[in-house]
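Coordinates in review
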Amino acid sequence: MIDRSLWSDTLVEIESNLRREGWRLATIAVSDSEIPELRYVFYGSKDQGWQQLIVRSREMARSFPSLTATDLSADWLEREIEESSAIEFAQHPHRGDAGARNRPQPGRALREEGAFVMPVGPVYSAESESALFLLETTGEDVQRAAPRLLYKYRGIEKLAQGRSVEDAMLLVERTNGTSAFGHSWAYCMAAEHICGIEVPVRARRLRTMLAELERIRRHVAVLRETVESTGMRVAAAQLFELEEWFLRACGEMTGHRYLFGLNCVGGLQRNISDAAVYAATGEMLAIANNALETMKLLEETSSFIDRIERVGILQEKRALESGAVGPFARASNAVHDLRIEQPYGAYPDLGVRIASQHAGDCYARLRVLCAEITSSLEIVAELASELPPGAVRVACGPRAGEAIGWVEAPAGASVVLLRLDEEGRCASLRFTPPSFRNWPCFRLVAENFALADFAIILASCGLSVAENDR
Amino acid sequence: MSWFLRGILGRIHTSRYPKEPERDPGTTPGLPRGVEHADPQQRALAAVCPTQAIVVLDEAMDVREERCVHCMRCAPGVASHPLPWRRDAEWASAVERLIEDVALGRNFRESLHVRVVDAGDCGACSSEIAHLSDPLYNMDRLGLFVTPSPRKADVLLVIGPVTEQTRGPLFETYEAMPQPKRVIAVGACATSGGVFGPGSATAGGLLDVLPVDVVVPGCPPPPLAILDALLAVAGRTRER
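No experiment lies behind these values; they were computed from the predicted model shown.

Parameters at a glance
- Residues numbered from 1 in each chain as written.
- Chains lettered and ligands numbered in written order.
- Predicted model: local features only at pLDDT ≥ 70, side-chain atom pairs only at ≥ 80, totals over all residues.
- Heavy atoms only, no water.
- Helix = DSSP H or I, 4+ residues; strand = E, 2+ residues; numbered from the N terminus.
- Rg over C-alpha atoms; globule rule 2.2 N^0.38 Å.
- Buried < 20%, exposed > 50% of the residue type's maximum accessible area, 1.4 Å probe, protein only.
- Contact = heavy atoms within 4.5 Å.
- Buried area = accessible area lost by both parts, 1.4 Å probe.
- Salt bridge = Lys/Arg side-chain N within 4 Å of Asp/Glu carboxyl O.
- Polar contact = N/O pair within 3.5 Å; in protein donor to acceptor, adjacent residues only side chain to side chain.
- Nonpolar A, V, L, I, M, F, W, Y, C, P; charged D, E, K, R; others polar.
- Axes fitted to C-alpha atoms, helices over the stretch in contact; angles between N-to-C directions.
- Parallel < 35°, antiparallel > 145°, perpendicular 65-115°, else oblique.
- Left-handed = near helix turned anticlockwise from the far one by under 90°.
- Pairing = 2+ DSSP bridges.
- Patch = residues over 30% accessible without salt bridge, like charges linked within 9 Å, V, L, I, M, F, W, Y side chains within 5 Å.
- Areas by Shrake-Rupley, 256 points an atom, 1.4 Å probe, with all protein chains shown as cover.
- Phe/Tyr/Trp six-rings, centres within 6.5 Å; stacked < 30°, edge-to-face > 60°.
- Core = buried A, V, L, I, M, F, W, Y, C linked by side-chain atoms within 4.5 Å.
- pLDDT = per-residue confidence, 0-100.

1. Observations concerning the overall build of chain B
Regarding its fold elements, chain B presents seven helices and ten strands. Relative to the compact-globule value of 18 Å for 240 residues, chain B shows a C-alpha radius of gyration of 19 Å, a close match. Expressed along its principal axes, the backbone C-alpha trace of chain B runs to roughly 55 × 45 × 35 Å. Buried positions account for 58% of the 240 residues belonging to chain B.

Written out as structure tokens, the structure is:
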């Protein structure tokens, strides 16, 4: 990673130039120093790699210029830093809500007579994460839905400080249990970069295979939630059953249904036999194809399509501007994928078919999920058939240093900026999961919709509140 | 063929639990167990447990199940000298009483309504609870129903370590539930704080927040373990 130091008065211009050259903002972190200092981490194409801007303000001021006016993807990153440190961002537009703690009321969009705000949450519905939504409506259609999150803030980044490198990993793994493997891989990758080691080739291929299996399962779960939200309960039950078979296959193969307790710094802490891999992946391929078959049949049901077509549209321009990631963005033709842009694991040796759509509605998001399942199945089949023998773990550290780890998690780009001290303890952790990049876009998707469509739009986005809040 | 026909023509795979034990692989991750005579390498496992769930006492070793976060470091296949692990899922336990004593009464035996509150869970526990409604477990067949209304709920299931911000809504939900009611802490986070432990942002679990009747350890506890707890409240503990 290239480091560049600069003063904050040149930041906005330099950042604009970087974006013009194709760099994307991955995260902003506060340095652990007496003098207020920020790190802006960018990634470019495969050849460009990663770059970090280390920024200070003149006269050690706490105020930095806000990037949000020109780069929307900085919006919540800056808001989060403002809330958790003494740093201020001058002229931050404070557009859209970020969280639950001491917020001013959002500006009312509707000034019509009879307009009111209907709060939904934080405890609502039979099966939902704790989150508050303020729906502005005149009684028929909802004009705007402002999410107010951070009810589930657990302080993961703060808790990680001072823990051993292995114990801090457990926090990242349990940020979002349904994407545990992907996030823990990003963390382990950062620690392995610091220690300057490469995991054995068997571990690299197994990690890639397991990450793709997790992607498939999570996508089936999102499909099931969306189908359930449209009221197609029989089809949703079929998908639910398939997801349960998949979880059982994961549990049988690895010892844990959600793939906890596999990733460790240095590789995998459990080796899986070729026979177990072969048997389990054969089963999982059949399950996933069954799910795709159900989705294909559902596409012939007009009452299903009616509820998801032209509903919850995220326009391409807005998806690109706001730095959205993952299948949520790819359904609006904002095509970014770390497996292609910054290949890791076994991806350099594999062909990854990226799925994308143009329409940006709920239907497009479902089509992207189905296409990604197909693509993941191809990768799993290729990896499972050719697992090199050998160990799955090497010794790592302790070594001090700072590095980045990154993974294309099921919901999109997940980036970990990790610093370790000489005893191998976590000195600081900055974790930017994909849902934190995508939740700011929810208010763009949930605009002018019928109240009955709220659950469908929410389910189709495949966002995790736990990931956002951390 | 329509998806409807596909469903009708398919086989029924619903578990027969609790009438018969459920032994399908992958239905439970198991939990570590104590040993009566531990060897030195097993004793060393107490130091690697991230939540101090493993306790060394003279000859023996004990496991505090409510603290296990399934990091798998002491498990067969990972540790060179692992602890033995139980392979069932019936590990729900009552707080300060016997599990048989949490039953609500005859009227609730086959009609129990459940309200789930997310107090900061990572998504794994909520997924396992949701899966109780999938065709393979189908909790409805046992008279267990999830309700969105606390007014109609008999049991409160809480997941997550209880974040500062969810305390208020959690209390309101509990207060809105009429008597008789029971509270179940599902998962390591709600039971003991899990990997988060007590901290500035969370309460370290439900035990200091609400009167808890049943705890279900695990990270996450599989659907069968949660079902075990619900059946206990319904007065059908481990019947065969």
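Next, the rest of the story.
2. Thoughts on the interface of chain B and chain A
As a measure of interface size, the accessible area lost when the parts come together is often cited. At the junction of the two partners, chain B supplies 55 residues and chain A supplies 58 residues. Of all residues in chain B, Trp3, Arg6 and Phe196 of chain B give up the largest surface area on contact with chain A, accounting jointly for 16% of the area buried on that side. For the pair chain B and chain A, the interface holds five salt bridges. A salt bridge links Asp167 of chain A to Arg73 of chain B, with the nearest nitrogen and oxygen atoms 2.9 Å apart. Where chain B meets chain A, there are 23 residue pairs in polar contact (both at pLDDT 80 or more). Contributions of two or more residues to the side of chain B that touches chain A are made by helix H1 (3-9), strand S6 (112-118), helix H4 (124-130) and helix H5 (167-176) of chain B. Taken together, the residues of the side of chain B that touches chain A break down into 29 nonpolar, 17 polar and nine charged.

3. As for the packing of helix H6 (residues 201-229) of chain A against helix H13 (residues 362-385) of chain A
All names here are of chain A. It is at 9 Å that the axes of H6 and H13 come closest, and there the two elements cross at 155 degrees. If you check the angle between H6 and H13, you find them roughly antiparallel. The two elements H6 and H13 meet at a crossing, and its hand is left-handed. Here Arg205, Thr208, Met209, Glu212, Leu213, Arg215, Ile216, His219, Val220, Val222, Leu223 and Thr226 of H6 lie close against H13, whose contacting residues are Leu366, Leu369, Cys370, Glu372, Ile373, Ser376, Leu377, Ile379, Val380, Glu382, Leu383 and Ala384. For the contact of H6 with H13, a count of residues per class yields 15 nonpolar, four polar and five charged.

4. Thoughts on the environment of Leu366 of chain A
Residue and element names in this part refer to chain A. Structurally, the position occupied by Leu366 is in helix H13. Separated by eleven residues in sequence, Leu366 and Leu377 have C-alpha atoms that sit 17 Å apart. With sequence-adjacent residues up to four places away left out, Leu366 is seen in contact with Leu223, Thr226, Met295, Phe304 and Ile308.

5. Focus: the environment of Trp50 of chain A
Residue and element names in this part refer to chain A. When you line up the elements, Trp50 lands in strand S4 (residues 50-56). Sequence separation of Trp50 and Pro36 is 14 residues, and the distance between their C-alpha atoms is 23 Å. In this structure Trp50 touches Met1, Ile2, Trp23, Ala26, Val41, Phe42, Tyr43, Gln342, Ile404, Trp406 and Val415, once residues within four positions along its chain are discounted. A polar contact is formed between the side chain of Trp50 and the side chain of Gln342, at a distance of 3.4 Å.

6. Remarks on the sheet that holds strand S8 (residues 132-137) of chain A
Sheet strands associate in pairs through backbone hydrogen bonding, adopting either a parallel or an antiparallel arrangement. All names here are of chain A. Read from one edge of the open sheet, four strands run S7-S8-S9-S15, paired in antiparallel fashion. The open sheet has two free edges, formed respectively by strand S7 (116-120) and strand S15 (447-450), since each of these has just one partner strand. The mean inter-strand angle of the sheet, taken between neighbouring strand axes irrespective of direction, is 40 degrees. Where S7 lies against S8, five bridges are found, and the strand directions are antiparallel. Paired with Val117 across the bridge in S8 is Glu136.

7. A look at unusual backbone geometry
In the segment running from Gln179 of chain B into Pro180 of chain B, the intervening peptide bond is cis, with an omega of -5 degrees. Mapping Pro180 of chain B onto the fold places it in the loop between H5 and strand S9 (182-186). Cis peptide bonds are those with omega within 30 degrees of zero, and the linkage from Cys219 of chain B to Pro220 of chain B qualifies with -10 degrees. A positive phi is found at Leu259 of chain A, a non-glycine position, where the angle reads about 65 degrees. Backbone geometry places Asn333 of chain A, a non-glycine residue, at a positive phi of 65 degrees. As for its position among the elements, Asn333 of chain A is in the loop between helix H11 (326-330) and helix H12 (338-341).

8. Quick word on a nonpolar patch on the surface
Together, Val234 of chain A together with Phe4, Leu5, Ile8 and Leu9 of chain B line one region of the surface with nonpolar side chains, adding up to about 490 Å² of accessible area. Per-element accounting of the nonpolar patch gives the leading share, four residues, to H1 of chain B. Here Phe4 of chain B shows up in helix H1. Exposure remark for Phe4 of chain B: the relative accessible area of 44% places this residue in the partly exposed category.

9. Side note on the sheet that holds strand S12 (residues 401-409) of chain A
Residue and element names in this part refer to chain A. If you trace the three strands from one edge of the open sheet to the other, you get S12-S13-S14, paired in antiparallel fashion. Looking at strand neighbours, the two that pair on one side only are S12 and strand S14 (426-432), the edges of this open sheet. The mean angle between the axes of side-by-side strands here comes to 15 degrees, regardless of whether they run parallel or antiparallel. The sheet contact formed by strand S13 (residues 412-420) and S14 spans six bridges and is antiparallel. Paired with Leu418 across the strands is Leu429, a residue of S14. Across the sheet, helix H5 (residues 180-195) touches S12, S13 and S14, and the angle it forms with S12 is around 150 degrees.

10. Focus on the packing of aromatic side chains
Residues and elements named next belong to chain A. As enumerated under the stated definition, the model contains 13 aromatic pairs over all chains in all. Aromatic side chains Tyr124 and Phe133 sit 6.2 Å apart centroid to centroid with 85 degrees between the ring planes, which places their arrangement in the edge-to-face category. Each member of the pair, Tyr124 as well as Phe133, carries the same accessibility label: buried. Here Phe133 and Trp439 contribute two aromatic rings whose centre-to-centre distance is 6.0 Å and whose plane-to-plane angle is 40 degrees, an arrangement assigned as tilted. With Phe133 in strand S8 and Trp439 in the loop between helix H14 (434-438) and helix H15 (442-445), this pair connects stretches of sequence that are 306 residues apart.

11. Comments concerning the nonpolar core
Tyr40, Tyr187 and Phe442 of chain A are the most contacted members of the largest nonpolar core, which has 160 residues in total. Once you skip the residues sitting within four places of it in the chain, Tyr187 of chain A turns out to touch Val165, Ala168, Met169, Val172, Val265, Val416, Leu418 and Leu429 of chain A.

12. Focus: helix H7 (residues 223-233) of chain B
All names here are of chain B. Counting buried residues in H7 gives eleven out of eleven residues, a clear majority hidden from the surface. Within the sequence span of H7, burial applies to Pro223, Leu224, Ala225, Ile226, Leu227, Asp228, Ala229, Leu230, Leu231, Ala232 and Val233. Two residues or fewer past H7, Gly235 is found with a positive phi of approximately 85 degrees.

13. Regarding the confidence of the model for chain A
Across chain A, the average pLDDT comes to 91, with 96% of residues at 70 or higher. Across residues 98-104 of chain A, confidence stays below pLDDT 50; counting only partners more than four residues off in sequence or on other chains, it has 20 contacts.

14. A closer look at the side chain of Ser164 of chain A
In this fold, Ser164 of chain A is placed in the loop between helix H3 (156-160) and helix H4 (165-173). The exposure class of Ser164 of chain A is buried, given its relative accessible area of 17%.

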